[in-house]
Amino acid sequence: MDYSKRITPDYINSLAENEIFVFGSNLAGMHGGGAARTARMHFGAVMGQGTGLQGRSYAIPTMQGGPETIQPYVDEFIGFAAQHPELRFLVTRIGCGIAGFDADDIAPLFEKAKKIDNICLPEDFWKCLE
């Protein structure tokens, strides 16, 4: 399949009207660094809210353990995106910064996202999913 139109840009500093910035967070919602800080400063992420839609962003917790602890939150996100086809979700390299995972650890969690046309993933995630 050709996913070239569903690749999240490496750097996001603005969003189209229907776009949502998807970032890795911690359960406490302390959006202090990395993409979480960008989400708080520019896209409406709320301090103290560690999961779900907030402003023009969507938080997926990545700091509470191994990839298996992230999977339920990714599944919840994929379900949310499927229910909102009018929105386009730009998933950043969640878990691959401060949380310390590699794309090989995180990309497989998004296997079900391949079928959801309004979810964009980082290019290295797509490569892992091929």
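Now for a description of the structure that goes with this document. Note that the structure is a prediction, hence the values are computed from the model and not measured.

### What about the nonpolar core?
Part 1 of the reasoning: Counting 29 residues, the largest nonpolar core has Ile60, Phe77, Ile106, Phe110 and Ile119 as its most contacted members.
Part 2 of the reasoning: Of all the secondary structure elements, the ones that give two or more residues to this core are β1 (19-25), β3 (57-61), α2 (67-83), β4 (88-91), α3 (103-106) and α4 (123-129).
Part 3 of the reasoning: In terms of residues, this core owes the most to one element, α2, which gives six residues.
Part 4 of the reasoning: Residues within four places of Phe77 in sequence aside, it is in contact with Val22, Tyr58, Ile60, Phe89, Val91, Phe110 and Ile119.
Part 5 of the reasoning: With eleven residues, the next largest nonpolar core counts Leu15, Phe21, Phe23 and Phe43 among its residues.

### Focus on the pattern of salt bridges
Part 1 of the reasoning: Under the criterion given, the structure shown has five salt bridges.
Part 2 of the reasoning: For Glu19, the salt bridge is made with Arg88, and the minimal N-O distance between the two is 3.5 Å. A residue pair is termed long-range when its members are at least 10 positions apart, and Glu19 in strand β1 and Arg88 in strand β4 qualify at 69 residues.
Part 3 of the reasoning: Taking the shortest distance from any N to any O, the salt bridge between Glu111 and Lys114 comes out at 3.0 Å.
Part 4 of the reasoning: With a relative accessible area of 40%, Glu111 lands in the partly exposed category.

What counts as what
Residues numbered from 1 in each chain as written. Predicted model: local features only at pLDDT ≥ 70, side-chain atom pairs only at ≥ 80, totals over all residues. Heavy atoms only, no water. Core = buried A, V, L, I, M, F, W, Y, C linked by side-chain atoms within 4.5 Å. Buried < 20%, exposed > 50% of the residue type's maximum accessible area, 1.4 Å probe, protein only. Helix = DSSP H or I, 4+ residues; strand = E, 2+ residues; numbered from the N terminus. Contact = heavy atoms within 4.5 Å. Salt bridge = Lys/Arg side-chain N within 4 Å of Asp/Glu carboxyl O.

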